[in-house]
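# Summary of the model geometry
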Amino acid sequence: MTPPGGVHGLAEHLEQLALVDHHVHGVWTEDADAARLANAFNEADTAPLADPSSAWDTQLGFAVRRWCAPLLDLEPHPAPETYLRRRAELGETEVARRLLDGTNVSDWLVDTGWSRDLSSPAGLAALGGGTGREIVRLETLAEELLPTLDDPADWADAFAARVEDAARRCVGFKSVIAYRCGFAVDLAPPAPEAVAEAARRWQAGLEDGAAPRLDDPTLVVSGLYAALRTRRPLQLHVGFGDRDLDLASVDPLLLTDLLRRPEVRGVPVMLLHCYPYERHAGYLAQAFPEVHLDVGLATHFLGARAPGVVARSLELAPFRQVLYSSDAAGPAELHHLGARLWRNAMAQVLGGWVEAGDWSVDDARRVATLVGRDNARRAYDLD
Amino acid sequence: MTPPGGVHGLAEHLEQLALVDHHVHGVWTEDADAARLANAFNEADTAPLADPSSAWDTQLGFAVRRWCAPLLDLEPHPAPETYLRRRAELGETEVARRLLDGTNVSDWLVDTGWSRDLSSPAGLAALGGGTGREIVRLETLAEELLPTLDDPADWADAFAARVEDAARRCVGFKSVIAYRCGFAVDLAPPAPEAVAEAARRWQAGLEDGAAPRLDDPTLVVSGLYAALRTRRPLQLHVGFGDRDLDLASVDPLLLTDLLRRPEVRGVPVMLLHCYPYERHAGYLAQAFPEVHLDVGLATHFLGARAPGVVARSLELAPFRQVLYSSDAAGPAELHHLGARLWRNAMAQVLGGWVEAGDWSVDDARRVATLVGRDNARRAYDLD
Amino acid sequence: MTPPGGVHGLAEHLEQLALVDHHVHGVWTEDADAARLANAFNEADTAPLADPSSAWDTQLGFAVRRWCAPLLDLEPHPAPETYLRRRAELGETEVARRLLDGTNVSDWLVDTGWSRDLSSPAGLAALGGGTGREIVRLETLAEELLPTLDDPADWADAFAARVEDAARRCVGFKSVIAYRCGFAVDLAPPAPEAVAEAARRWQAGLEDGAAPRLDDPTLVVSGLYAALRTRRPLQLHVGFGDRDLDLASVDPLLLTDLLRRPEVRGVPVMLLHCYPYERHAGYLAQAFPEVHLDVGLATHFLGARAPGVVARSLELAPFRQVLYSSDAAGPAELHHLGARLWRNAMAQVLGGWVEAGDWSVDDARRVATLVGRDNARRAYDLD
């Protein structure tokens, strides 16, 4: 009974809408074997999977076989071995080209802070079309700064200078405070002496030749305020990630005190992923006009269950504060599924409200456009 | 295939059921402009909305345009400007009369503790039909008492006397401990000396001419026990509210120790709103026969998503312990939507179980009647 | 439009699949009156229900009348009195025989640590068919050991010997640490002196003639490690239970540090029930290959809402790490509903994904078999 293109053309509207993927990483630049692919299909487990085949028996694995296989000239739902064989025949670059081509993304906002073996923003755009733009990760900036700093007492100024410099080339900043110390720390601006002392401690503790890893809460939090001062949007990893984080300590409600601070006023704060705390994030979006949220990462990991998380992101949050992202990284299957499953979910969820008589179809199309494109264009000032 | 009136007349049964709205506030008594209305459409944000139009791009805004517009002689889903223009033409009182008329509520249990520019219980009933009854807010009672008290050592007795006096005219009490100190405080009965000392501190800290605001946990908690002694139902704000509260500290599970206390035995405890903790509240309702819950406030803020929260309130909670409320305050749109969306949701949720063969239609009608009317009549002794 | 047997025979496949119920208790061995049955229908309330009829106005009560009545020769949805009368006519054993017969369970893994008036594993299998196997409850083992121990300094060795001995006859261990101290305690292996001291304290505090009850965190946690050393699967009660526990302190995320420990590597850890934290449990299953989960207990308490919790258990968790259990105890209605509602839910949830084109029907049948049977057979080494 549903006409082609879904409820009153809503699905078709979603297909034709060029998305802003406001939080994404590059694709692999070299061919990957079965084990590497399987491990990329498991976000949470940081140890190599003992049995890579287990990664295929997941919602993500099923979604790859359903939605990506046809773009590699296979029937939907092939055996994982069949999929792997075909993938190897085509090679990583051709796989990426085909899967990215199906995303219809106009702007890739790429977090370049975790980029080992991943394409650059420009490289991603070259394969997938559209424009690549940079999101700078604060902790990476700090880790690059540390070995070059003569006097840790200069930390605050030196870091602020790096951030200001980065602000000239990037469209936003990102913090992975979630992974470094969680949100259950003092989120007020640290005193200058505390920052200097923390920098001294960090530098002193650095082992010869070891890559520095920032996990001191004082420096991490101090970095958030340095970014806020630039007025660029600030992305925060929230919720589900790998087991290095404590999921209980990355509930966005723990950010409430930070969000109340005057330094946040007027600066877009992007709560990324949010699963399973998307209702908490939605409340914060209603409470603070600066708060935006997306359910990227969750979308492709939930596969057939993605409509639920998309629907939950549209409860308390004002619709001008919800964004699209894939948070894909590595295999282009993730980039493809981010867009595919989001479009499917939006068509199903918004279409359901239209069919039930709760929403008008014009509103549904308008909200799809806001979430998929316009909210990001406005928040990141992309025009 | 579904007959008129929904599954076996369930929807019709719900329309004809006169509801007890066991937690509500008055309607505005003066005309409101666009900015005031928009701010009333955002519960969480305590700052004036920078862009009032954003409040219309929400589930609540869409629900107002869908369900309230026809009662103002407009087509469903008009532009917000059209709606505002028509609203201004009719004036606040005529708008309220039309929207309240559609609620079919027999009893309004009105929290009079937050009443600036709002109609009284009698005024609400005069516009909407039925009977207005009073719920007395404990913190307001305390704030009225403070300036009149000569010796803070008399606090406990003087407050108990006020509560007992109020119990003669009201059908229940309400506490907003959620807003004043949250639930993560010591909920055991405070010692008399601690209460006297807290009253002394509060009185001493009061600035000349300032309206007293009670947020001392000792006095707030002491007030709960004063109310419990009257055996009147005790309403507690739980979950979602404005950003003055810490949503993480108003999880009803934090009330478990209070609910275990002997002072609670036999006194109905009403967990209001509960979103997004309605599953936690349902567990408490199964664990303690005194615990009742509703999902008011959430219903109208979730709009098209209201059926989900209504369904979740019917998981672990025994059906004799679930109630209806709107928690509407101010614009009569909220009063109307509370009833409209609850009826729609109940018809959809219970009707779905009947259609699936899980429930009998007789049970569905009976549960609708329990939740919409009879549980409140029994708990508040309204007959 | 759906063919007989559901989507492509999925429902029929589920009916014919003989289940492993990996966590269950015995059935009552003596006739029960109305009050006893009603109290068994309320998991959370530890006090006798003031009004036993209220237990029937619940999702569980409705599910009993819908699904169990026909097996007692009644129409679906009889009045509770009718059901009780017929139940009394048949007697507990005949009721159990009829209700268990409909479960099609091949293996009952019976927690024998809470067994008052309940059938043994062999007794359960004699009534319900299949094989009964034992799960040994660690806290019960400790409470049996205490009175026999001459010197509490020997606790660790003596308890380890009991556990090793039990490992020869049982297929796994269970801990109810959730009820004894919650998960918000130090979960690292306690030092030997701390264990000895705790045993001394426990023995000294034991009142003459009183049954010992283990709730000392040091001894409870020490017991977990004794069980882990046997490499047998370790079951942990998680989430919803009776009001003796603090639901907030049995969130499985509080187990993260335990799950990170080397002692856990390679030992199946079974998170039981999990409601309302099933999404948290699913994250842990993706993060740690040892973690398995089920939604037993919740299934029958949620009745018509069971499909939701089953669906949520199939989000982040790899499908090889999700299991079936009933967690039934006492009236055989619970054993029956565990299986009935799980099969209904799986047919609906997986069937829905097949109908939507997200999953292949072969995958749906395979995942049903993994969850219902094969994952348990592998984890408990039942072949």
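Computed from a predicted model, the values in this text were never measured in an experiment. (Residues numbered from 1 in each chain as written. Chains lettered and ligands numbered in written order. Predicted model: local features only at pLDDT ≥ 70, side-chain atom pairs only at ≥ 80, totals over all residues. Heavy atoms only, no water.)

## Describing the overall build of chain A
The following threshold applies: Working definition: helices are DSSP H or I runs of at least four residues, strands are E runs of at least two. Numbering for both runs from the N terminus. Every radius of gyration here is taken over C-alpha atoms, with the globule rule written as 2.2 Å times N^0.38, N being the number of residues. Only protein chains enter the accessibility calculation, which uses a 1.4 Å probe; a residue whose area is less than 20% of its type maximum is buried, one above 50% is exposed, and one in between is partly exposed. Only the protein chains shown count as cover for residues, and all accessible areas are computed by the Shrake-Rupley method using a 1.4 Å probe. The charged-residue count follows a simple rule in which Lys and Arg add positive charge and Asp and Glu add negative charge, with His and chain termini not counted at all. Every charge is mapped to an atom, namely NZ of Lys, CZ of Arg, CG of Asp or CD of Glu.
From N to C terminus, chain A includes 16 helices and 7 strands. For 383 residues, the compact-globule estimate of 2.2 N^0.38 gives 21 Å, and the C-alpha radius of gyration of chain A, at 21 Å, lies within 12% of that figure. By its C-alpha atoms, chain A is 65 × 45 × 35 Å across when sized along the principal axes. When the 383 residues of chain A are sorted by exposure, 64% land in the buried category. Of the accessible surface of chain A, which amounts to about 13,300 Å², a share of 48% is contributed by carbon and sulfur atoms. Counting 37 positive and 56 negative side-chain charges, chain A places the averaged centre of each group 4 Å from the other.

## Notes on the interface of chain A and chain B
What counts is decided by this rule: In what follows, residue pairs with any heavy atoms lying within 4.5 Å of each other are defined as contacts. When two parts are brought into contact, each loses some accessible area as probed by a 1.4 Å sphere; the total of that loss over both is the buried area. In what follows, salt bridge is the name for a side-chain nitrogen of Lys or Arg lying within 4 Å of a carboxyl oxygen of Asp or Glu. Here a polar contact is taken to be a pair of N or O atoms separated by no more than 3.5 Å, where protein atoms must pair a possible hydrogen donor with a possible acceptor and residues adjacent in sequence count only if both atoms sit in side chains. Each residue gets one of three labels, nonpolar for Ala, Val, Leu, Ile, Met, Phe, Trp, Tyr, Cys and Pro, charged for Asp, Glu, Lys and Arg, and polar for the others, Gly among them.
With 27 residues of chain A in contact, the opposing surface of chain B contributes 32 residues. Summed over both partners, the interface of chain A with chain B buries about 2,700 Å², with 51% contributed by carbon and sulfur atoms. Taken together, the links from chain A to chain B amount to 6 salt bridges. One salt bridge connects A:Glu315 with B:Arg305, and the closest N-O pair in it is separated by 2.9 Å. On inspection of chain A and its partner chain B, the count reaches 18 residue pairs in polar contact (both at pLDDT 80 or more). Breaking the side of chain A that touches chain B down by element, the ones donating at least two residues are α11 (256–260), α12 (278–287), α14 (306–312) and α16 (361–379) of chain A. Element by element, the count of residues in the side of chain A that touches chain B is highest for α12(A), at 5 residues. Of the residues contributing to the side of chain A that touches chain B, the split by class is 14 nonpolar, 5 polar and 8 charged.

## Digging into the packing of helix α4 (residues 80–101) of chain A against helix α5 (residues 121–128) of chain A
Any two packed helices are characterised by the angle at which their axes cross and by the distance between the axes. Residues and elements named next belong to chain A. Rules: The axes are straight lines fitted to the C-alpha atoms, using for helices just the contacting stretch, and the angles between their N-to-C directions are given from 0 to 180°. By the definition adopted for this analysis, an angle is roughly parallel if under 35 degrees, roughly antiparallel if over 145, roughly perpendicular if from 65 to 115, and oblique otherwise.
Interaxial distance between α4 and α5 falls to 8 Å at its minimum, and their mutual angle equals 70°. When the interaxial angle is binned, α4 and α5 end up roughly perpendicular. Contacts from Thr 93, Ala 96, Arg 97 and Leu 100 in α4 reach Leu 124, Leu 127 and Gly 128 in α5. Counted by class, the contact of α4 with α5 contains 4 nonpolar, 2 polar and 1 charged residues.

## As for the domain arrangement of chain A
Residue and element names in this part refer to chain A. As a reminder, the rule being used: How far each domain reaches was decided by an automatic or database domain assignment.
The domain architecture assigned to chain A consists of domain 1 (7–29 + 103–379) and domain 2 (32–90). Tallying the contact residues gives 24 residues for domain 1 and 20 residues for domain 2. For the pair domain 1 and domain 2, the summed buried area comes to about 1,800 Å², and 65% of that belongs to carbon and sulfur atoms. Its largest share of buried area at the contact with domain 2, domain 1 owes to Trp 28, Phe 301 and Glu 333, together 35% of the area lost on that side. Where domain 1 packs against domain 2, one counts 3 salt bridges. Between Arg 36 and Asp 117 there is a salt bridge, and its shortest N-O distance comes to 3.5 Å. Taken together, the links from domain 1 to domain 2 amount to 6 residue pairs in polar contact (both at pLDDT 80 or more). No other element matches helix α15 (residues 332–355), which puts 8 residues into the side of domain 1 that touches domain 2. A breakdown of the residues in the side of domain 1 that touches domain 2 according to their chemical character gives 12 nonpolar, 5 polar and 7 charged.

## Looking at the pairing of strand β4 (residues 172–175) of chain C
Residue and element names in this part refer to chain C. Defined as follows: If DSSP finds at least two bridges between two strands, the strands pair.
Residues of β4 alternate between two faces, with Gly 172 and Lys 174 on one and Phe 173 and Ser 175 on the opposite face, all of them buried. As paired elements, strand β3 (residues 131–137) and β4 share 3 bridges and run parallel to each other. Among the inter-strand pairings, Ile 135 is bridged to a residue of β4, identified as Gly 172. Pairing of β4 with strand β5 (residues 234–238) involves 3 bridges; the strand directions are parallel. By the bridge assignment, Phe 173 is partnered in β5 with Leu 234.

## Topic: the relation of the copies chain A and chain B
To keep things clear, this is the line we draw: Fitting of the copies onto one another was done by least squares over C-alpha atoms, counting residues only where both copies have pLDDT of at least 70.
Mapping chain A onto chain B calls for a screw motion: a turn of 120° about the axis and a shift of 0.0 Å along it, with 0.0 Å RMSD after fitting. Here the two chains are linked by the operation of a three-fold rotation axis. For chain A, the smallest separation between a C-alpha atom and the rotation axis is recorded for A:Gly308, amounting to 6.3 Å. When the interface residues of chain A are mapped onto chain B, a mere 4% of them again fall at the interface, so the copies present different faces.

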